[in-house]
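# What the coordinates show
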Amino acid sequence: MESIRLEIDGKFVEAQEGMTILQAARGAGIDIPTLCYDERLAPYGACRLCTVEITEDNRTRLVASCVYLVEEGLVVETNSERVNKIRKMLLELLLPLAPTGPLESLARKYGLEGSRFTAEQTSCVLCGLCVRYCAEIKKANAIGFIGRGIDREVAFLPEVAPKVCASCRECFAICPGGKLASETDGVRFPISIWQSKQELR
Ligand code: FES
């Protein structure tokens, strides 16, 4: 595999062909915040929190570092004013959905004490980590997205979840909003969640 040299935050970094900017940066000890990324899963590129600024051929633009592959001679800024402004805005938009836990810590890191926006506190930022973990790692497909647009949400699937979820629950640990743990209590888990959602429709 070919070796690729690029510059990240003024530091020359050696990466392998096929690596993403995020992987190259983390390999060099440079932190980039993420919400929908998990190294065990295929990149998804949904949250855009990993946005960085790249310059090539004297052209600067913003890309999601978890899906953008390294290129020879690429110049990357992970912490520029423009990048931080975008991350701060994204966090402010997401914070009302899940105001505690990882999102709260990230928001503080970017200087946010609260949000100017309001939204129903769903504890879900639609990162899809649970859905993809269940499909890609567990091969169970017991949880999925339902609805479209602003009605989009994750739900346990009644044909599969009752058979596999109670003995697994591995997706709970990777949920950045705490939705799964907060909605399940062992007694009504997991089928009642789906049923109650259906009753509301
Ligand atoms: S971590 Fe890259 S888009 Fe979410």
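Below is a summary of the structure that appears in this document. (Residues numbered from 1 in each chain as written. Predicted model: local features only at pLDDT ≥ 70, side-chain atom pairs only at ≥ 80, totals over all residues. Heavy atoms only, no water.)

Helix and strand counts for the protein chain come out as seven helices and seven strands. Listed by position from the N terminus, the elements making up the protein chain come as β-β-α-β-β-β-α-α-α-β-β-α-α-α. When burial is assessed residue by residue, the protein chain has 43% of its 201 residues classed as buried. Once local pairs closer than 6 in sequence are excluded, the contacts in the protein chain between residues at least 24 apart make up 51%. A total accessible area of about 11,000 Å² is found for the protein chain, and carbon and sulfur atoms account for 51% of it. (Helix = DSSP H or I, 4+ residues; strand = E, 2+ residues; numbered from the N terminus. Buried < 20%, exposed > 50% of the residue type's maximum accessible area, 1.4 Å probe, protein only. Contact = heavy atoms within 4.5 Å. Areas by Shrake-Rupley, 256 points an atom, 1.4 Å probe, with all protein chains shown as cover.)

The next thing to look at is helix α4 (residues 129-137). Three or more residues of α4 are buried, namely L129, C130, V131, R132, Y133 and C134. Just downstream of α4 lies K139, where phi reads positive at about 55°.

With that out of the way, let us pick up the sheet that holds strand β2 (residues 11-16). Strand order in the open sheet formed by five strands is β2-β1-β5-β3-β4, and the pairing between neighbours is mixed. Since the sheet does not close on itself, it has two edges, and those belong to β2 and β4 (59-64), each with one partner. For this sheet, the mean inter-axis angle between neighbouring strands, taken without regard to orientation, is 35°. Examined bridge by bridge, strand β3 (residues 51-56) and strand β5 (residues 75-77) share three bridges and lie antiparallel to one another. Across the sheet, residue E53 finds its bridge partner in β5, namely E77. (Pairing = 2+ DSSP bridges. Axes fitted to C-alpha atoms, helices over the stretch in contact; angles between N-to-C directions.)

This next bit is on the packing of aromatic side chains. Applying the stated criterion across every chain yields a total of zero aromatic pairs. The lysine or arginine in question, R152, covers the ring of F145, its NZ or CZ lying 3.9 Å from the ring centre. (Phe/Tyr/Trp six-rings, centres within 6.5 Å; stacked < 30°, edge-to-face > 60°. Lys NZ or Arg CZ within 6 Å of the ring centre and 35° of its normal.)

Regular strands place their side chains on alternate faces of the sheet. Of the pairings in the sheet, the one linking strand β6 (residues 143-146) to strand β7 (residues 153-156) comprises four bridges and is antiparallel in character. Within the sheet, the bridge partner assigned to G144 lies in β7 and is A155.

Applying the stated criterion across every chain, the model contains seven salt bridges. D31 is paired through a salt bridge with K109; the nearest N and O atoms lie 3.5 Å apart. Here the residue D31 occupies a position in the loop between α1 (21-27) and β3, and K109 occupies one in helix α3 (residues 102-109), the gap between them amounting to 78 residues. Given a relative accessible area of 53%, K109 falls into the exposed group. Between R82 and E53 there is a salt bridge whose closest N-O contact spans 3.1 Å. Of this pair, R82 sits in helix α2 (residues 81-94) while E53 sits in strand β3, and the two are 29 residues apart along the sequence. Residue classification places E53 among the buried residues on the basis of a relative accessible area of 13%. (Salt bridge = Lys/Arg side-chain N within 4 Å of Asp/Glu carboxyl O.)

Among the structural elements, A24 can be located in helix α1. When its relative accessible area of 3% is taken as the criterion, A24 is described as buried. For the pair A24 and E14, spaced ten residues apart in sequence, the C-alpha to C-alpha distance is 7.6 Å. With residues up to four places along the chain from it excluded, the contact list for A24 reads I8, V13, A15, M19 and V70.

A cluster of nonpolar side chains, M89, L93 and F117, forms an exposed patch at the surface whose accessible area comes to about 250 Å². By the secondary structure assignment, L93 is in helix α2. (Patch = residues over 30% accessible without salt bridge, like charges linked within 9 Å, V, L, I, M, F, W, Y side chains within 5 Å.)

For R116, the location among the structural elements is in the loop between α3 and α4. When the C-alpha atoms of R116 and E92 are compared, they prove to be 7.2 Å apart, with 24 residues separating the residues in sequence. With residues near it in sequence (within four places) discarded, R116 still touches M89 and E92. At a separation of 2.8 Å, a polar atom in the side chain of R116 contacts the side chain of E92. (Polar contact = N/O pair within 3.5 Å; in protein donor to acceptor, adjacent residues only side chain to side chain.)

No statement about biological role is implied by the geometric values presented.
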